[in-house]
Amino acid sequence: MSVTFPLYNILKDSVQINSQDLTNIQKESIIYLIEKDGNCHEIIAALIRSYQIDDENKEYLPYECKKQKNGYKFNINKLPSKLQKILYEFTKKHQDELDRESNIKRFDQNSEN
């Protein structure tokens, strides 16, 4: 089934499938970015949902995900390995973008002085 979330499709196609699981450090970097950036949390939830649809998983809350007052809570270790890699790839790209934005803001502030 083709999912219509373009970001998911791009990441899915770019992830290298190999037998190695993510390291604990890589998993922690995903968690750190989710906690640091609220927008990231929403995108992660959309990526998980897209993977679920693509995988034709009919569960309402897949992978032992739990609904909270302010979003969803999931255990990264309960997610399929391929989905973990998709999320890691997204968080790397998202962090790069946040770093670029931060550099632009610093440059703008320095040029105003």
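No experiment lies behind these values; they were computed from the predicted model shown. (Residues numbered from 1 in each chain as written. Predicted model: local features only at pLDDT ≥ 70, side-chain atom pairs only at ≥ 80, totals over all residues. Heavy atoms only, no water.)

## Some points on the overall build of the chain
Convention followed: Each helix is a run of DSSP H or I of at least 4 residues and each strand a run of E of at least 2, with the numbering of both proceeding from the N terminus. When a residue's accessible area, from a 1.4 Å probe over protein chains only, is under 20% of the maximum for its type it is buried; when over 50% it is exposed; and in between it is partly exposed. Here a residue-residue contact requires only that any non-hydrogen atoms of the pair lie within 4.5 Å. In this description, accessible areas are obtained by the Shrake-Rupley approach with a 1.4 Å probe, and a residue is regarded as covered only by the protein chains that are shown.
What the chain contains, in helices and strands, is 4 helices and 2 strands. Secondary structure elements of the chain occur, N-terminal to C-terminal, as α-α-α-β-β-α. Out of the 113 residues in the chain, the part that is buried amounts to 35%. Summarising the internal contacts of the chain: among those between residues at least 6 apart in sequence, 71% fall at separations of at least 24. Carbon and sulfur atoms form 49% of the exposed surface of the chain, whose accessible area is close to 7900 Å².

## Describing helix H3 (residues 38–54)
Helical periodicity: at 3.6 residues per turn, an α-helix aligns residues three or four positions apart in one direction. The criterion, for reference: Here a helix's expected span is defined as the number of its residues, less one, multiplied by 1.5 Å. The term polar contact refers here to a pair of N or O atoms within 3.5 Å; inside protein, the definition further demands a hydrogen-donor-capable atom paired with an acceptor-capable atom, and it admits residues adjacent in sequence only when both atoms are side-chain atoms.
Compared with an ideal rise of 1.5 Å per residue, which puts 17 residues at 24 Å, H3 spans 25 Å between its outermost C-alpha atoms and is within 8% of the ideal. If you check which residues of H3 are buried, you get Cys40, Ile44, Leu47, Ile48, Ser50, Tyr51, Gln52 and Asp54. Its side-chain oxygen at 3.0 Å from the backbone nitrogen of Asn39, Asp37 defines the N-terminal cap of H3.

## Observations concerning the packing of helix H2 (residues 24–36) against H3
Our working rule: Angular values range over 0 to 180 degrees, each being the angle between N-to-C directions of two axes fitted as lines to C-alpha atoms, with helices fitted over their stretch in contact. Every angle not falling under 35 degrees, over 145, or within 65 to 115 is termed oblique; those three ranges are roughly parallel, roughly antiparallel and roughly perpendicular. Polar here means any residue outside two lists: the nonpolar Ala, Val, Leu, Ile, Met, Phe, Trp, Tyr, Cys and Pro, and the charged Asp, Glu, Lys and Arg; Gly therefore counts as polar.
With their axes 5 Å apart at the nearest point, H2 and H3 run at an angle of 120 degrees to one another. The orientation of H2 relative to H3 falls into the category oblique. Contacts between H2 and H3 involve Leu33, Ile34 and Lys36 on the former and, on the latter, Gly38, Cys40, His41 and Ile44. Among the residues forming the contact of H2 with H3, the class breakdown is 4 nonpolar, 2 polar and 1 charged.

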